[in-house]
Amino acid sequence: MVESVARVRHIRVTPMKARRVVNMIRGKQAHEALAIMKFAPQTASEPVYKLVASAIANARVKADAANEFLDEQDLIVSEAFVDEGATLKRFRPRAQGRAFKILKRTSHITIVLATPDLVEAGKAASKKEAK
């Protein structure tokens, strides 16, 4: 009965590249997601690995505060998404006095871990709203 959220903001990874990494772990168990991120060759896998580990720690703290039992093996990545952050704009000099715009994109990554009973309750609630 625990749901924990971890966010990282303004990370210097483009959102498209981060979404490729986040799509690999959506719906998986948290420890399986950590294993996938550990061996993924993409640059964005390191911050996502840290983010999943942080979400596991957040769940542990939240369960201790609520005096609930938490088996970390049960945690599932219920939501994982990447939003676009602020774009840093830079200019590069080009031939004949022109300037070439360079866009350095940033991302906001959010990971939500939940226990299976909360995931099932959320699916049931969304089905009721759809009807």
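Structure's up top.
Novice: Would you explain the overall build of the protein chain in this entry?
Specialist: Helix and strand counts for the protein chain stand at 4 helices and 5 strands. Counting from the amino terminus, the protein chain carries its helices and strands in the arrangement β-α-α-α-β-β-β-β-α. At 18 Å, the protein chain has a C-alpha radius of gyration far larger than the 14 Å of a compact globule built from 131 residues. Across its three principal directions, the C-alpha atoms of the protein chain cover 65 × 40 × 25 Å. Residue burial in the protein chain is summarised as follows: out of 131 residues, 33% are buried. Taken as a whole, the protein chain presents about 8600 Å² of accessible surface, with 53% of it coming from carbon and sulfur. Charged side chains in the protein chain number 24 positive and 14 negative. The centres of these two groups are separated by 18 Å.

Novice: What's the story with the packing of aromatic side chains in this structure? I'm lost.
Specialist: Each pair of aromatic rings is reported with the distance of its centres and the angle of its planes. Counted under the stated rule, the structure contains 0 aromatic pairs. Note that R94 overlies the ring of F100, its terminal NZ or CZ placed 5.3 Å from the centroid.

Novice: Please clarify how the nonpolar core should be interpreted in this entry.
Specialist: Proteins that are soluble and globular tend to have nonpolar side chains buried together. With 28 residues, the main nonpolar core has V48, V52, I109, I111 and L113 as its most contacted residues. Listed by contribution, the elements that provide at least two residues to this core are β1 (3–11), α1 (15–25), α2 (30–39), α3 (45–65), β2 (76–84) and β5 (107–114). In terms of residue count, the dominant contributor to this core is α3 (7 residues). Filtering out sequence-adjacent residues up to four positions away, I109 remains in contact with A6, R7, V8, I11, A18, V22, V48, L51, F81 and V82.

Novice: I keep staring at the side chain of H108 and nothing clicks. Help me out?
Specialist: For H108, the position within the fold is in strand β5. A distance of 3.2 Å separates the side chain of H108 from the backbone nitrogen of H10, its partner in a polar contact. Excluding residues within four positions of it along the chain, H108 makes contact with V8, R9, H10, F81, V82, D83, E84 and G85.

Novice: Even after reading the chapter, I still don't get the pattern of salt bridges, so can you show me in this structure?
Specialist: For side chains bearing opposite charge, pairing can occur when the charged atoms are close. Taken as a whole, this structure holds 3 salt bridges when the rule is applied. R60 is the partner of E72 in a salt bridge, and the nearest nitrogen-oxygen pair spans 2.5 Å. With E72 in the loop between α3 and β2 and R60 in helix α3, this residue pair connects regions lying 12 residues apart in the sequence. On the basis of relative accessible area, E72 is assigned to the partly exposed category, the value being 21%.

Novice: Can you walk me through a negative patch on the surface in this structure?
Specialist: On the surface, D71, D74, D117 and E120 cluster together to form a negatively charged patch. Mapped onto the elements of the fold, D71 is located in the loop between α3 and β2. Given a relative accessible area of 32%, D71 falls into the partly exposed group.

How each quantity is defined
Residues numbered from 1 in each chain as written. Predicted model: local features only at pLDDT ≥ 70, side-chain atom pairs only at ≥ 80, totals over all residues. Heavy atoms only, no water. Helix = DSSP H or I, 4+ residues; strand = E, 2+ residues; numbered from the N terminus. Rg over C-alpha atoms; globule rule 2.2 N^0.38 Å. Buried < 20%, exposed > 50% of the residue type's maximum accessible area, 1.4 Å probe, protein only. Areas by Shrake-Rupley, 256 points an atom, 1.4 Å probe, with all protein chains shown as cover. Lys, Arg positive; Asp, Glu negative; His and termini not counted. Charge placed at Lys NZ, Arg CZ, Asp CG, Glu CD. Phe/Tyr/Trp six-rings, centres within 6.5 Å; stacked < 30°, edge-to-face > 60°. Lys NZ or Arg CZ within 6 Å of the ring centre and 35° of its normal. Core = buried A, V, L, I, M, F, W, Y, C linked by side-chain atoms within 4.5 Å. Contact = heavy atoms within 4.5 Å. Polar contact = N/O pair within 3.5 Å; in protein donor to acceptor, adjacent residues only side chain to side chain. Salt bridge = Lys/Arg side-chain N within 4 Å of Asp/Glu carboxyl O. Patch = residues over 30% accessible without salt bridge, like charges linked within 9 Å, V, L, I, M, F, W, Y side chains within 5 Å.

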